[in-house]
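Below are the chains, spelled out letter by letter.
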Amino acid sequence: MQNFVEHFMQTVSEQPNKTALVWQEQMMTYAELEELSSKIASRLLRRGAKNEKIYPIVLERGFFYIAS
């Protein structure tokens, strides 16, 4: 049984151009969502966040909210 991240990464690998999110009139593919999520994670790690820790992130609803 896969966890959420494993399932998500499998979907990114198998169907990168499939629509993952729709917000208002914008769409984002699985590949784009994975790229945005990785950028956010990298930025947090550069600022001192540690793996396996939980950090609150306050954002308005939208792509950044989901990617975080």
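Everything numeric in this text was worked out from a predicted model, so none of it was measured.

Kindly report on the pattern of salt bridges, identifying the contributing residues and their values.
Scanning the model with the defined rule gives 1 salt bridge in all. Here Glu-35 makes a salt bridge to Lys-39, at a shortest N to O gap of 3.4 Å. Here Lys-39 and Glu-35 lie together in helix α2 (residues 30-46), a separation of 4 residues that amounts to about one turn. Of the residues examined, Glu-35 reaches a relative accessible area of 43% and is grouped as partly exposed.

Describe the packing of aromatic side chains, naming the residues involved and giving the relevant values.
For the structure shown, the criterion picks out 2 aromatic pairs. Here Phe-4 and Phe-8 contribute two aromatic rings whose centre-to-centre distance is 6.4 Å and whose plane-to-plane angle is 15 degrees, an arrangement assigned as stacked. One end of the pair is Phe-4 and the other is Phe-8, both in helix α1 (residues 4-14) and 4 residues apart, which spans about a single turn. For Phe-4, a relative accessible area of 65% puts it in the exposed group. Given the relative accessible area of 14%, Phe-8 is considered buried. Judged by centre distance (5.9 Å) and plane angle (50 degrees), the rings of Phe-8 and Tyr-30 are tilted. In this pair, Phe-8 sits in helix α1 while Tyr-30 sits in helix α2, placing the two residues 22 residues apart along the sequence.

Calculation rules
Residues numbered from 1 in each chain as written. Predicted model: local features only at pLDDT ≥ 70, side-chain atom pairs only at ≥ 80, totals over all residues. Heavy atoms only, no water. Salt bridge = Lys/Arg side-chain N within 4 Å of Asp/Glu carboxyl O. Helix = DSSP H or I, 4+ residues; strand = E, 2+ residues; numbered from the N terminus. Buried < 20%, exposed > 50% of the residue type's maximum accessible area, 1.4 Å probe, protein only. Phe/Tyr/Trp six-rings, centres within 6.5 Å; stacked < 30°, edge-to-face > 60°.

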